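# Per-entry structural report
Given next are the chains, with one letter for each unit.
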Amino acid sequence: MMDAAADNGGECRAAQVVGADGEMDGAAMERFAAAAGLPSRGLSYAVVSILGPQGSGKSTLLNHLFGTSFTEMDALKGRHQTTKGIWIAKAVGIEPFTVVLDLEGTDGRERGQDDTAFEKQSALFALAVSDIVIINLWCHDIGREHAANRPLLRTVFQVLMRLFSPRKTTLLLVVRDKTKTPLEFLTQALKEDIQKIWDSVQKPEAYKEAALSEFFNVEVTALSSYEEKEELFKEQVGQLRQRFYHSIEPGGLAADRRGVIPASGFCLSALQIWKVIRENKDLNLPAHKVMVATVRCEEIANEKLRHFLSDKGWLELDAAVKSGPVLSFGSRLRAILDSYLSEYDMETMYFDEGVRTAKRQQLESSMLDHTYPALETVIEHLHVVALNKFKSDLDQSLRSREGFAVAVRQCAQAAIVEFDAGLRDAVVKHVEWDASKVRNKLQDHIQTHVESVRNAKLAELKANYEKLLSDGLAGPVQSLLETGERDSWACIRRLYRRETENATLAFLASLSEFDLDHTISSKMVSDLREHARSVVEMKSREEAGNVLMRMKERFFTVLSRDRDSMPRTWTGDEDLRTITREARLAALRLMSVMAAIRLDDKPDKIDRALITALLDGGPFSQKRSVEFTYDPLASSTWEEVSPRDTLITPVQCKSIWRQFKAETEYAVAQAMSMQEAHRRSKNWLPPAWTILLLAILGYNEFMFLLRNPLYLLGLFVAFVLSYAIWLQYDVTAYFRHGTISALLTILSRLLPTIMEIVTAIVNMSHSQKKHSANRSHHPPTLHAQIFKNQTWGQGQVQYESPDSPSSSSSSVDSNNNGDES
């Protein structure tokens, strides 16, 4: 035996382990295993083999799939046997370690009729030692008896169960030179064929009722032509290669690892299995004449298929279909198909009837596969024309204000009639065509369009009524909540029910033309009612979010304005405590209104709980028992109010009330200060009875002063000084800060003030002499007026707070400085 000459980039070379004479070279396999490092792999390895007809590209597929270097056939030198016997190699770059077996192709002319035993033996060997068996099939061989290896698989199934214990093997059927036939159709056909083979084989008693799935896991894939679409072929092989990574892991391509032989014993195991297979005498192949009939009928069928694909009439018909609808398509295509089927029948009439019939069916199926896209295009044209007709007719009917349901029925019926007429013209007798399927497809598309239009109309209708409800509820609800009156929610309920009922009746009338199911219409009406409620809830929650601001506005309104909405003047006669309580009560009732949604007209105790807990002093009021410590607001829910309808929880009410009181205390304190100030401004003089008492008791002193004018003069001077001091300082303002502080301030400033007055009098006298000397230049009247102005200007003083560090210079000083300058 010989080794392949090619080297896999540093990897071990492929080795021939079974020669053309059918003898296994155990030494060659041992050398390969040692060079590849197989014995050290334990159970972490997989075995992949390939079966298929000679010249079907098995070696080419393996080389591209696993990076091996099996010898490939040179098509330019003719089609001949390339792989002889069985070759083994290691997959490059794939984990786990993968052993690849390339088997001699079946149905080779080199062996002639003597190849049957070796084909069966090699196939049985591959199934026995492999985790994955690739079966290489031509796409056009699917459905054939012999080209698809059906007799070979049948015999292999029988012998496998008789010779070896059950082991689940993955059969990977690779369909080569894939046509336009969808892969799912090919997969279904292949799996049905394998199942039929399994059902037909004779099984041992132990496995008589066993299912195919107990022994084999069948997978199907397809590859494009290597010669015609090489790049696409390589891309698809790359995708298939990914499936062999981690193939022995759970869920991998190697479905079952039961009975796996350790890698160190693989060579011995393979040698014993081949020996058992070679000694078996029950392997037979079908008769040669059936194989010849299969090959010849296939050649004739392929020739007719090529002629059909190049037929001028068919090409013209196919081109015409792509550009638009074609009249009499079915009759024209039927004539072309019948002509080529008749020629096939004439040329194959002397071959085996079973093979001839099978190949004729395959030829007919292949031609129909090529015509199917054109037929689909014709039907698609008919479908589009009918659907467009329905759409335009429906749109025109709806614009003419016809009822929606009536318009849909009339337009759909007209479109189906037109579609059926075109379908009868396009039908082909060779195809078992079910017109109901395409008609149902059109009806489904019509129904889809109807639902789309109806949904759009209903959505527009619903949006209009929802907007109508929103406009009718949002503004009034907000206004009623802002008032915060006791009957606010009663008014909101009446408004909500009135607007909802009016909108519901009008909405039901509009829905009648759509011929809707009662359940759907009821659901839409229910949604409309729910929308109305959601509008009220939304505005309620929006206003509840501004409750603190609204409470302060209400408090300041009640506090600062009387019942006639006139601004209050705090003269000291108002009952500020009562007014403050009324203002807080109004704010608290506003919070009570906004604390919960009351659309269900159920009584609650929110208002009373808030007034009791927040306004009347709460549970710790002096009017209550000391042992009673229950706080009605120490909860996150209100009694008799559902969480959905709760806008402000009791705990939140307490927090808002604390913040409200903190932000309104200043206004109350300011009002109290204004009252106190007004009260003090009226009471700086002694009471009238005190003055009368002084007059009675001081009569003797008064008569004494009248009899002594000198005392009167002294009193007059004291009065003048006191009046000057009064003008210089705001004595009333001093006493507002306390009597003691006022007296101390006046005494500390008395002497400086007297000195300022005396200085002003001296300056005034000096100024008078100066003006007398210049009397010839200034009129006397003008001098007197200036003197008068200066004298009175000295009395204009500015009030200064007693807390200021020092008083400013008096106006008298200012005038004096002006004169001196």
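In this text the structure is predicted, and so the values were computed from the model without any measurement.

## Some remarks on the overall build of the protein chain
What the protein chain contains, in helices and strands, is 26 helices and 7 strands. Taken over 821 residues, the protein chain has a buried fraction of 42%. Of the contacts made within the protein chain by residues no fewer than 6 positions apart, 73% connect residues no fewer than 24 positions apart. Total accessible area computed for the protein chain in this model is approximately 45200 Å², and 55% of it derives from carbon and sulfur atoms.

## Topic: the pairing of strand S3 (residues 86–90)
For S3, a buried count of 5 out of 5 residues is recorded, marking the element as mostly surrounded by other parts of the structure. Two strands pair when backbone bridges link them, and strand S1 (residues 15–18) and S3 are joined in this way by 3 bridges, in the antiparallel orientation. Note on S3: the bridge partner recorded for Val 18 is Ile 86. Here S3 folds back onto strand S4 (residues 97–103), and the loop between the two strands holds 6 residues, one of which, Gly 93, carries a positive phi near 75°.

## Some words on a nonpolar patch on the surface
Taken together, Leu 710, Leu 713, Phe 716, Val 717, Phe 719, Val 720, Leu 721, Tyr 723 and Trp 726 make up a surface patch of nonpolar side chains, about 920 Å² in accessible area. Relative to the helices and strands, Val 717 resides in helix H22 (residues 709–728).

## Side note on unusual backbone geometry
Residue Pro 96 follows Glu 95 across a cis peptide bond; omega there is 5°. Residue placement: Pro 96 occurs in the loop between S3 and S4. A positive phi angle, near 55°, is found at Asp 177, a position not held by glycine. Residue Asp 177 is classed as partly exposed on the basis of its relative accessible area of 25%. Not every positive phi belongs to a glycine, and Glu 640 is a case in point at roughly 65°. Relative to the helices and strands, Glu 640 is located in the loop between helix H18 (606–615) and helix H19 (650–682). Accessibility expressed as a relative area gives 53% for Glu 640, which makes it exposed.

## A short note on the UniProt feature "binding site: GTP" (unreviewed entry) in the protein chain
UniProt feature "binding site: GTP" (unreviewed entry): in the numbering of this structure it lies at Gly 52, Pro 53, Gln 54, Gly 55, Ser 56, Gly 57, Lys 58 and Ser 59. Those residues in contact with Ser 59 that sit more than four places away from it in its chain are Phe 70, Thr 71, Glu 72, Thr 83 and Asp 102.

## Description of the packing of helix H14 (residues 488–511) against helix H15 (residues 518–545)
The packing of two helices is summarised by the inter-axis angle and the distance between the axes. Where H14 contacts H15, the two axes come as close as 10 Å, and the packing angle between them is 150°. The angle between H14 and H15 falls in the class roughly antiparallel. When you trace H14 past H15, the crossing you get is right-handed. Here H14 contributes Trp 489, Ile 492, Tyr 496, Thr 500, Glu 501, Ala 503, Thr 504, Phe 507, Leu 508 and Leu 511 to the contact with H15, which in turn contributes Ser 521, Met 524, Val 525, Leu 528, Arg 529, Ala 532, Arg 533, Val 536 and Ser 540. When grouped by side-chain class, the residues that make up the contact of H14 with H15 number 12 nonpolar, 4 polar and 3 charged.

## Points about the UniProt feature "transmembrane region" (unreviewed entry) in the protein chain
The UniProt entry lists residues 684–703, 710–729 and 741–762 under the feature "transmembrane region" (unreviewed entry), expressed in the numbering used here. The span residues 741–762 is 100% helical and 0% strand by assignment, and the distance between its end C-alpha atoms comes to 32 Å.

## Describing the sheet that holds S1
Ordered by their spatial adjacency, 7 strands build an open sheet running S1-S3-S4-S2-S5-S6-S7, and the pairing between neighbours is mixed. Only two strands of the sheet have a single neighbouring strand rather than two, namely S1 and strand S7 (216–222). Going from strand to strand, the sheet's axes swing by 25° on average, the running direction of each strand aside.

## Quick look at the pairing of S4
Burial analysis of S4 places 7 of its 7 residues in the buried class, the great majority of the element. Of the two faces of S4, both are covered, the one formed by Phe 97, Val 99, Leu 101 and Leu 103 as well as the one formed by Thr 98, Val 100 and Asp 102. For strand S2 (residues 45–51) and S4, the ladder comprises 6 bridges, and the chain directions are parallel. Paired with Val 47 across the bridge in S4 is Val 99. The sheet contact formed by S3 and S4 spans 5 bridges and is antiparallel. Note that in S4 the partner of Lys 90 across the bridge is Val 99.

## Let's talk about the confidence of the model for the protein chain
Residue-level pLDDT values for the protein chain average 77, and 80% of them are 70 or greater. Overall, residues 1–10 carries pLDDT values under 50, and its contacts beyond four positions in sequence, including any with other chains, amount to 22 contacts.

## Considering the pattern of salt bridges
Evaluation of the coordinates by the stated rule reveals 27 salt bridges. With a closest N to O distance of 3.8 Å, Glu 364 and Arg 360 form a salt bridge. A residue pair is termed a helical-turn pair when its members lie 3 or 4 positions apart in one helix, as Glu 364 and Arg 360 do in helix H11 (residues 353–399) at 4 residues. What makes Arg 360 partly exposed here is its relative accessible area of 26%. The salt bridge partner of Asp 393 is Lys 389, with a shortest N-O separation of 3.3 Å.

## Notes on the environment of Arg 241
Structurally, Arg 241 is set in helix H6 (residues 230–241). Of the residues examined, Arg 241 reaches a relative accessible area of 16% and is grouped as buried. Here the alpha-carbon distance between Arg 241 and Leu 65, two residues 176 residues apart in the chain, equals 5.6 Å. Apart from residues no more than four positions distant in its own chain, Arg 241 is found in contact with Leu 65, Phe 66, Gly 67, Val 92, Gly 93 and Ile 94.

## Observations regarding the environment of Glu 214
Inspection of the secondary structure assignment puts Glu 214 in the loop between helix H5 (183–200) and S7. Note: C-alpha distance between Glu 214 and Thr 169 (45 residues apart in sequence) is 9.1 Å. Residues contacting Glu 214, with those up to four places away along its chain left out, are Lys 168 and Arg 258.

## Structural notes on the packing of helix H16 (residues 547–560) against helix H17 (residues 576–594)
Following both chains from N to C, one finds H16 and H17 inclined at 150°, their axes separated by 8 Å at the closest point. Classified by the angle between their axes, H16 and H17 sit roughly antiparallel to one another. Note that H16 runs across H17; the crossing there is right-handed. The segment H16 lies against H17, with Val 547, Arg 550, Met 551, Arg 554, Phe 555, Val 558 and Leu 559 engaging Leu 576, Ile 579, Thr 580, Glu 582, Ala 583, Arg 584, Ala 586, Ala 587, Leu 590, Met 591 and Met 594. Here the residues of the contact of H16 with H17 are counted per class, giving 13 nonpolar, 1 polar and 4 charged.

What counts and what doesn't
- Residues numbered from 1 in each chain as written.
- Predicted model: local features only at pLDDT ≥ 70, side-chain atom pairs only at ≥ 80, totals over all residues.
- Heavy atoms only, no water.
- Helix = DSSP H or I, 4+ residues; strand = E, 2+ residues; numbered from the N terminus.
- Buried < 20%, exposed > 50% of the residue type's maximum accessible area, 1.4 Å probe, protein only.
- Contact = heavy atoms within 4.5 Å.
- Areas by Shrake-Rupley, 256 points an atom, 1.4 Å probe, with all protein chains shown as cover.
- Pairing = 2+ DSSP bridges.
- Patch = residues over 30% accessible without salt bridge, like charges linked within 9 Å, V, L, I, M, F, W, Y side chains within 5 Å.
- Salt bridge = Lys/Arg side-chain N within 4 Å of Asp/Glu carboxyl O.
- UniProt positions renumbered as here; feature names shortened; annotations may be inferred.
- Axes fitted to C-alpha atoms, helices over the stretch in contact; angles between N-to-C directions.
- Parallel < 35°, antiparallel > 145°, perpendicular 65-115°, else oblique.
- Left-handed = near helix turned anticlockwise from the far one by under 90°.
- Nonpolar A, V, L, I, M, F, W, Y, C, P; charged D, E, K, R; others polar.
- pLDDT = per-residue confidence, 0-100.

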